[in-house]
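# Coordinate inspection notes
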Amino acid sequence: MATKILIIGACGQIGTELTLRLRELHGADNVIAGDIREGSEELMQSGPFEIVDATDKSAVEDLCMYYEITDVYLMAAMLSATAEKFATKAWNLNMNSLFTVLNLAKSGKIEKIFWPSSIAVFGPTTPKHDTPQHTIMEPTTVYGISKQSGERWCEYYFNNNDVDVRSIRYPGLISWKTLPGGGTTDYAVDIFHAALKEGSYECFLHKDTELPMMFMDDAIRATIEIMEAPADKVKQRSSYNLSGMSFTPEQIAVAIKKRIPEFEITYNPDFRQAIADSWPSSIDDSEATKDWSWNRSFDLEQMVDEMIDNLK
Ligand code: AKB
């Protein structure tokens, strides 16, 4: 049977670029974009779009049946900063949507699932540098708890119900096409918009808070590579560590200043500092490299060049 894809949360930061890339690979008519609201003009005009609420189980099932969907990418989620403010809503969105697609696969209605996890599954007791694939995981955020639980459920459905679910622990993602929303790593995107518009940026994290980050092109490539890998190569059915680059707000500001000399940064940490402090600084992704040949392409300097060139 031909691959027929549904992306839930297609208008978000990852969903937008993922949808466009999947349409290039599989043909526009084979990739259905679904979201609770309409997205960018480029996305809306590039192929089929359906309004769908990720928490509406029967609406998701109806869409899968109507379009004869084989693969679902469940990209809808409430991210770390917003989830601290709306804990119950975050739990319901992040968990119920996952159960819906896991159960659709369990009953044979779809074949394959991609579900995004995050570095937020780690916590303050996790080794901070080169965080291994298997280590202490005691997340302290609402978002991290939902992602950690989701990972357990993915592995459970794989082990007990033969569900082909694949997942990556995304670091902070940096993109120029679509803004992120509600995350702790969002500063690394906001800073470019502010640098180009105002020439200055007030950062909500401390200058030496080092976090794992990745340029969107690498994240999209990783997502497609893990989904295309033969099933027996995907050994981790919870989620894979994935690494791109690590930097502090001060280091990214220096890299921007090299290209925009008048740029100035100030620091005014808020509640997101505690979230960032609970996360790793760098990630060991050797399992992903070993199992499905993952390799990152973009480092800090290349990413800053791409961001500034495209946003200009
Ligand atoms: C966030 O900051 O909440 C996300 C993430 C690291 O998953 N970008």
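Described below are features of the structure shown in this document. Each residue is numbered by its place in its chain's sequence as written, counting from 1. Residue-level local features of this predicted model are given only where pLDDT is at least 70; pairs of side-chain atoms are given and counted only at 80 or more, and the full residue set underlies all totals for whole chains, interfaces and linings. Think of the side-chain values as coming from all heavy atoms in the structure, minus any hydrogens and water.

Taken together, the neighbourhood of the ligand is formed by L79, S80, S118, I119, Y143, G183, T184, T185 and W279. Pairs of N or O atoms within 3.5 Å make up the polar contacts considered here, provided that, within protein, one atom can donate a hydrogen while the other can accept it, and that residues adjacent in sequence are counted only when both atoms are side-chain atoms. In the environment of the ligand, an oxygen atom lies 2.6 Å from a nitrogen or oxygen atom belonging to the side chain of S80. Only the protein chains shown count as cover for residues, and the accessible areas themselves come from Shrake-Rupley with a 1.4 Å probe. About the coverage of the ligand: the protein hides 93% of its 250 Å² of free accessible area. By residue class, the composition of the shell around the ligand is 4 nonpolar, 5 polar and no charged. For this description, a residue counts as near a given molecule or strand if any of its non-hydrogen atoms is within 4 Å of it. Lys, Arg, Asp and Glu make up the charged group, whereas Ala, Val, Leu, Ile, Met, Phe, Trp, Tyr, Cys and Pro make up the nonpolar group; the residues left over, Gly among them, are polar.

One bridge is not enough; two strands pair if DSSP finds at least two bridges between them. Under the DSSP-based scheme used, a helix requires at least four consecutive residues in state H or I and a strand at least two consecutive residues in state E, with every element numbered from the N terminus. Overall, parallel pairing links the 7 strands, which are arranged β3-β2-β1-β4-β5-β6-β10 in an open sheet. The open sheet has two edge strands, β3 (49-51) and β10 (240-241), and neither has a second partner. The pairing of strand β4 (residues 71-74) with strand β5 (residues 112-118) spans 3 bridges and is parallel. Paired with V72 across the strands is I113, a residue of β5.

Pairs may arise between side chains of opposite charge once their charged atoms sit close together. When a carboxyl oxygen of Asp or Glu lies within 4 Å of a side-chain nitrogen of Lys or Arg, that pair is called a salt bridge. For the coordinates displayed, the defined rule picks out 16 salt bridges. A salt bridge links R237 to D164, with the nearest nitrogen and oxygen atoms 2.7 Å apart. Residue R237 is located in the loop between α8 (216-228) and β10, and its partner D164 is located in strand β6 (residues 164-170); the two are separated by 73 residues in the primary sequence. The partner of D270 in a salt bridge is R272, and the shortest N-O contact between them spans 2.6 Å. Exposed residues in this analysis have more than 50% of their type's maximum accessible area, buried residues have under 20%, and partly exposed residues fall in between, with area computed by a 1.4 Å probe over protein chains only. On the basis of relative accessible area, D270 is assigned to the partly exposed category, the value being 28%.

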